[in-house]
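Chain residues, written in single-letter form:
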Amino acid sequence: IEIDLDVNGGRPQLRVHDNGTGIAASVQSQIFNPLFTTRDPSQYSGMGLTTAFTIISEHHGSLEILSQTGSGTTAILSLPALDAAGFTSRKTAF
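Turning our attention to the overall build of the protein. Scanning the protein from N- to C-terminus turns up 1 helix and 4 strands. Ordered by position from the N terminus, the helices and strands of the protein form the series β-β-α-β-β. Across the 94 residues of the protein, 18% fall into the buried class. Considering only intrachain contacts with a sequence separation of at least 6, the fraction spanning at least 24 residues in the protein is 46%. For the protein, the computed accessible surface area is about 6800 Å², with 57% contributed by carbon and sulfur atoms.

Rendered as structure tokens:
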């Protein structure tokens with residue numbers, strides 16, 4: 001596993017890459033869907049990426065998965081930068 005921290009476009013970015021089997025192109029569009037899993041559903045809920053994506057999105061971030069069968073997978077997490085007072089520069093209306 002390789003981990004890289006960087007700033008891209010003023011946004012902190014975390015990249016995590018593994019050298020596993022990768023994710024088949026035929027299922028990549030489904031990986032953030034609730035209850036989707038390529039593993040044994042009796043052992044895995046299929047909620048991990050769904051939960052991560054939802055939390056990151058609620059914090060105005062993004063989660064991107066780049067994968068190719070046989071070449072591993074890279075997850076890229078990007079979040080808005082905080083100013084000195086600890087607030088994001090993006091304004092949110094409630």
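The next thing to look at is the packing of aromatic side chains. Note on aromatic pairs: each is described by the distance of the centres and the angle between the planes. All told, the structure shown has 1 aromatic pair when counted by the stated rule. An angle of 35 degrees between the planes, with centres 4.7 Å apart, marks the rings of Phe32 and Phe53 as tilted. Placement of the pair is Phe32 in the loop between strand E2 (11–18) and helix H1 (48–58) and Phe53 in helix H1, with a sequence separation of 21 residues. By relative accessible area, which is 32% here, Phe53 ends up partly exposed. Directly above the aromatic system of Tyr44 lies the positively charged group of Arg39, at a separation of 4.7 Å from the ring centroid.

Here is what the cut-offs are and how they apply
Residues numbered from 1 in each chain as written. Predicted model: local features only at pLDDT ≥ 70, side-chain atom pairs only at ≥ 80, totals over all residues. Heavy atoms only, no water. Helix = DSSP H or I, 4+ residues; strand = E, 2+ residues; numbered from the N terminus. Buried < 20%, exposed > 50% of the residue type's maximum accessible area, 1.4 Å probe, protein only. Contact = heavy atoms within 4.5 Å. Areas by Shrake-Rupley, 256 points an atom, 1.4 Å probe, with all protein chains shown as cover. Phe/Tyr/Trp six-rings, centres within 6.5 Å; stacked < 30°, edge-to-face > 60°. Lys NZ or Arg CZ within 6 Å of the ring centre and 35° of its normal.

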